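Here is what each chain is made of, one letter per residue.
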Amino acid sequence: MAQTASGEPVTIGVSGPLTGQNAQYGAQWKKGFDLALEEVNSKGGVKGRPLQYVFEDSQSDPRQTVTIARKYVADERIVVEVGDFSSAASMAASPIYQAAGLVQFGFSNSHPDFTKGGDYVWSNAVNQKDEMPLLADFVRDLGLKKVAILHLNNDWGRTAKDLLVEAVKQRGGEVVGSEGYLADEKDFRSAIVRARGANPDSIALIAYYPDGAQLTRQIRQAGITQPIIAGGSIYSPKFLELGGDSVNGVLTTVPFFPEDPRPLVQTFTKSFVAKFGGEPDAYNARAYDTFILLASVMRQFGIDRKAIKEGLGKIKEVPSVVYGKATFDVTTRRVADPFVSRIEVKNGKWAAYEGAKPTMR
């Protein structure tokens with residue numbers, strides 16, 4: 001049996017939101033991290049040393065991520081950094097991590113330019129260049145032809161919107177309108193009315209779960225009955241809680257779904273439910289996967305900062321609840337050959353999409 005880890009801890013530095021409008025994501029991360037640490041440390045930790053993390057609250061604000069980056073690169077205990085939540089917040093800090101030779105591992109950073117920050121910038125998130133075509137495949141397979149897009153009006157949202165527009169066109173569809181909005185808006189009615197005026201047969205959302213839920217409520221309140229297809233960033237139990245009955249029928253694609261029958265997913269899900277009393281979501285799974293991956297890299301290739309960077313490029317087929325097995329493309333510094341699951345909100349719960357075309361509400 002493995003010995004319990006002891007001695008000087010190996011420390012991961014996390015930058016992410018614990019307060020502010022994205023605080024729930026940080027809370028979801030911590031559950032995934034804590035479950036992974038419990039597993040890693042019960043099996044001897046990393047070369048006999050316990051794995052731990054420190055979590056600095058950035059509020060996913062680029063100004064804060066820069067301050068945190070300077071703190072982490074100066075702290076010799078930090079062997080790798082994880083985060084931040086939004087790509088914009090992470091990318092603001094990338095030059096600091098790159099210059100210092102400390103891996104910045106953005107496990108929720110889907111912006112296609114994120115890993116262009118240098119050879120110390122890595123991610124196991126699905127790149128928007130991969131995700132948006134997969135979402136457009138879903139739109140096509142649903143038989144939908146005229147899409148109106150409502151998107152978060154920041155760099156992440158605009159980039160995803162542009163990629164989705166192109167992907168829909170390539171598949172024979174048409175984007176009949178797109179409207180941007182700000183995350184802290186409460187009233188989306190003007191954007192919704194303009195989208196309705198384009199006579200779409202479907203609405204695509206590029207949103208996070210708080211604004212996505214509010215948007216969906218107001219779309220239905222405006223009498224719009226067309227199907228809603230959203231990017232996977234809305235996937236959370238909180239989307240159901242905030243959206244209520246309005247979100248029934250919303251469709252999305254996600255890299256993780258707890259009903260996936262793979263044994264690794266079911267083992268993870270059971271352990272998560274036993275520890276926290278509820279099913280994991282994609283952000284819990286991504287956080288868990290990230291710490292399991294980094295522990296594997298350190299065990300095989302070493303604990304210092306440079307060894308971790310080089311190990312990420314060498315490690316092969318790490319067991320992953322998200323991807324099955326994770327291997328990195330050393331050119332993009334992202335997981336090679338990602339895949340997603342298609343799901344929907346059914347009777348107030350997330351459920352596997354069963355293949356029927358959506359009906360008007």
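Residues numbered from 1 in each chain as written. Predicted model: local features only at pLDDT ≥ 70, side-chain atom pairs only at ≥ 80, totals over all residues. Heavy atoms only, no water.

Colleague: Which parts of the structure should I look at to understand the pairing of strand β6 (residues 146-152)?
Modeller: For a regular strand, side-chain orientation follows a simple rule: the groups alternate between the two sheet faces. The buried fraction of β6 is high, at 6 of 7 residues. Relative to strand β7 (residues 174-181), β6 is paired through 7 bridges, and the arrangement is parallel. Note that in β7 the partner of K146 across the bridge is E174. Tracing the backbone out of β6, into helix α5 (residues 155-170) and back to the parallel element β7 gives a crossover that is right-handed. Here β6 pairs with strand β8 (residues 202-206) via 5 bridges, running parallel. Across the sheet, residue V147 finds its bridge partner in β8, namely S202. (Buried < 20%, exposed > 50% of the residue type's maximum accessible area, 1.4 Å probe, protein only. Helix = DSSP H or I, 4+ residues; strand = E, 2+ residues; numbered from the N terminus. Pairing = 2+ DSSP bridges. Right-handed = clockwise from strand over helix to strand, strands pointing away.)

Colleague: I keep staring at the sheet that holds strand β3 (residues 78-83) and nothing clicks. Help me out?
Modeller: Where strands meet in a sheet, backbone hydrogen bonds hold them as pairs that are either parallel or antiparallel. Sheet architecture is open: 5 strands sit in the order β2-β1-β3-β4-β5, paired in parallel fashion. Only two strands of the sheet have a single neighbouring strand rather than two, namely β2 (51-57) and β5 (121-122). Where strand β1 (residues 10-16) and β3 come together, 5 bridges link them in parallel fashion. Looking at β3, one finds that S15 is bridged to G83. Helix α11 (residues 305-314) rests against β3, β4 (104-105) and β5 of the sheet, and its axis sits at about 50 degrees to β3. (Contact = heavy atoms within 4.5 Å. Axes fitted to C-alpha atoms, helices over the stretch in contact; angles between N-to-C directions.)

Colleague: Just to check I follow, could you spell out the packing of aromatic side chains for this structure?
Modeller: Describing an aromatic ring pair means giving the distance of the ring centres and the angle of the ring planes. Per the counting criterion, the structure on display carries 24 aromatic pairs. Relative to Y208, the ring of Y25 has its centre 6.1 Å away and its plane inclined at 70 degrees; by these criteria the two rings are edge-to-face. One end of the pair, Y25, is in helix α1 (residues 23-42); the other, Y208, is in the loop between β8 and α7 (209-221), with 183 residues separating them in the sequence. The interplanar angle of 80 degrees and the centroid separation of 6.1 Å between the aromatic rings of F105 and F328 together place this pair among those described as edge-to-face. In this pair, F105 sits in strand β4 while F328 sits in strand β13 (residues 328-329), placing the two residues 223 residues apart along the sequence. You'll find F105 and F328 in the same group, each marked buried. If you follow R286 out to its NZ or CZ, it ends over the ring of Y283, 5.0 Å from the centre. (Phe/Tyr/Trp six-rings, centres within 6.5 Å; stacked < 30°, edge-to-face > 60°. Lys NZ or Arg CZ within 6 Å of the ring centre and 35° of its normal.)

Colleague: How should empty space enclosed by the protein be read in this particular structure?
Modeller: Empty space among the atoms becomes visible once a probe the size of a water molecule is rolled across them. Applying the stated criterion to the full structure yields 4 cavities of 30 Å³ or more. When its volume is computed, the largest cavity comes out at roughly 240 Å³. In terms of lining, the largest cavity is formed by 24 residues, of which the most central are S110, E131, W156, S233 and R286. Elements supplying a minimum of two residues to the lining of the largest cavity: α4 (128-141), α5, β8, β10 (251-254) and α10 (282-301). Across the lining of the largest cavity, the residue classes tally to 14 nonpolar, 8 polar and 2 charged. (1 Å grid on protein atoms, 1.4 Å probe; cavity = no way out; pocket = protein on both sides within 12 Å on 5 of 7 lines; lining within 4 Å. Points joined across faces, edges and corners; volume = space filled by probe spheres on them. Nonpolar A, V, L, I, M, F, W, Y, C, P; charged D, E, K, R; others polar.)

Colleague: Looking at this structure, I do not really get the pairing of β3. What am I missing?
Modeller: Taking burial as the measure, the 6 residues of β3 include 6 buried ones, the bulk of the element. Bridge count between β3 and β4: 2 bridges; the pairing is parallel. Within β4, the residue paired with V82 across the bridge is F105. What joins β3 to β4 is helix α3 (residues 87-100), and the crossover it makes is right-handed.

Fair warning: the whole summary comes from geometry, so function is off the table for now.
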